[in-house]
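A closer look at the structure
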Amino acid sequence: MTSTTIPATTDLSDDYPDLVRHADSLFRDYGGRIGFCGPVATLKVPDDNSKVREAVESPGGGRVLVVDGGGALNYALFGGNLGKLAEKNGWAGVVVYGCVRDTAELAECAIGVKALAAHPKRSDKRGLGETDVAVSFAGVTIAPGEWLYADADGIVVSSEKLG
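Our subject in this report is the structure included herewith. In this text the structure is predicted, and so the values were computed from the model without any measurement.

Turning our eyes to something else, we now look at the overall build of the chain. Counting its secondary structure elements, the chain contains four helices and twelve strands. When the backbone C-alpha atoms are referred to their principal axes, the chain occupies close to 45 × 30 × 25 Å. Put simply, the chain has 163 residues, and 48% of those count as buried. Considering only contacts within the chain whose residues lie at least 6 apart along the sequence, 75% involve residues at least 24 apart.

This part takes up the pairing of strand β3 (residues 36–44). In terms of burial, β3 is a largely internal element, seven of the nine residues being buried. Of the pairings in the sheet, the one linking β3 to strand β11 (residues 147–151) comprises four bridges and is antiparallel in character. For G38, the partnering residue across the bridge sits in β11 and is L148. The pairing of β3 with strand β4 (residues 64–68) spans five bridges and is parallel. By the bridge assignment for β4, L43 is matched with V67. On the question of chirality, the crossover connecting β3 to the parallel β4 by way of helix α2 (residues 50–57) is right-handed.

The subject of this paragraph is the pattern of salt bridges. The full count for this structure, using the stated rule, is eight salt bridges. Residues E146 and R21 are paired through a salt bridge, measuring 2.7 Å at the closest nitrogen-oxygen approach. Of this pair, E146 sits in the loop between β10 (140–142) and β11 while R21 sits in strand β1 (residues 20–22), placing them 125 residues apart in sequence. Residue classification places E146 among the buried positions, given a relative accessible area of 11%. What makes R21 partly exposed here is its relative accessible area of 28%. A salt bridge links D29 to K114, with the nearest nitrogen and oxygen atoms 2.7 Å apart. Of this pair, D29 sits in strand β2 (residues 28–29) while K114 sits in strand β7 (residues 112–118), and the two are 85 residues apart along the sequence. Judged by relative accessible area, which is 28%, D29 ranks as partly exposed.

Every α-helical turn comprises 3.6 residues, leaving residues that sit three or four positions apart pointing alike. Within α2, the full set of buried residues consists of S50, K51, V52, A55 and V56. Of the surrounding elements, those touching the buried residues of α2 are β3, β4, β5 (76–78), α3 (80–88) and β8 (130–131).

Another aspect to go through is the packing of α2 against α3. Where α2 meets α3, the axes come as close as 8 Å, and the angle between the chain directions of the two elements is 30°. Relative to α3, the element α2 lies roughly parallel. Along the contact surface, α2 presents V52, R53, V56 and E57, while α3 presents N81, L82, L85 and A86. Split into classes, the residues belonging to the contact of α2 with α3 amount to five nonpolar, one polar and two charged.

Bringing the packing of aromatic side chains into the picture now. Inspection of every chain in the model, using the stated rule, returns three aromatic pairs. Centre to centre, the rings of W147 and Y149 are 6.1 Å apart; their planes meet at 25°, and the pair counts as stacked. The pair formed by W147 and Y149 is uniform in burial state, with each residue classed as buried.

This next bit is on α3. Within α3 the residues assigned to the buried category are G80, L82, G83, L85 and A86. Of the surrounding elements, those touching the buried residues of α3 are α2, β5 and α4 (103–107). In the segment just after α3, G90 is the residue with positive phi, at about 85°.

Glancing now at the side chain of D68. The residue D68 is located in strand β4 in this model. One buried charged residue, D68, forms no salt bridge at all, with the nearest opposite charge on K44 at 4.3 Å. Polar contacts involving the side chain of D68 include one to the main-chain amide nitrogen of G70, which spans 2.8 Å.

What counts, and where the lines are drawn
- Residues numbered from 1 in each chain as written.
- Predicted model: local features only at pLDDT ≥ 70, side-chain atom pairs only at ≥ 80, totals over all residues.
- Heavy atoms only, no water.
- Helix = DSSP H or I, 4+ residues; strand = E, 2+ residues; numbered from the N terminus.
- Buried < 20%, exposed > 50% of the residue type's maximum accessible area, 1.4 Å probe, protein only.
- Contact = heavy atoms within 4.5 Å.
- Pairing = 2+ DSSP bridges.
- Right-handed = clockwise from strand over helix to strand, strands pointing away.
- Salt bridge = Lys/Arg side-chain N within 4 Å of Asp/Glu carboxyl O.
- Axes fitted to C-alpha atoms, helices over the stretch in contact; angles between N-to-C directions.
- Parallel < 35°, antiparallel > 145°, perpendicular 65-115°, else oblique.
- Nonpolar A, V, L, I, M, F, W, Y, C, P; charged D, E, K, R; others polar.
- Phe/Tyr/Trp six-rings, centres within 6.5 Å; stacked < 30°, edge-to-face > 60°.
- Lys, Arg positive; Asp, Glu negative; His and termini not counted.
- Polar contact = N/O pair within 3.5 Å; in protein donor to acceptor, adjacent residues only side chain to side chain.

Below, the structure is given as structure tokens:
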């Protein structure tokens, strides 16, 4: 999806005040698409991006991968190679509560990527993490299957598809 075909987060916020939840404004844009939306797949990972790779190697089907990295700012959980895989496999976007790297490569990917910051150090790879669990960060709880909408104004989440 492109930023011109998704509902604006501001419109969703105005039109569905009782249905949307707003993430705190902590995230920066790193992907080639600023606006993106889709049903959510979730991961809760420690300092290990093995589960992130497994997720983006699978068919995305227009979903948004939400990665709870605990807000860590001392390593990256997502980078250029994973961005290319996510694009190739049909993911709409990735939201990382943590860091990304290879920002120039991510900017070339036709997906949305939001993260707290960039960091050059890669994460460990030990196969650790949980999939399809509710995650809570930035003042919002996000469950698998909910809908996430993101653009330059922020992130909103709903239990159902809106707009």
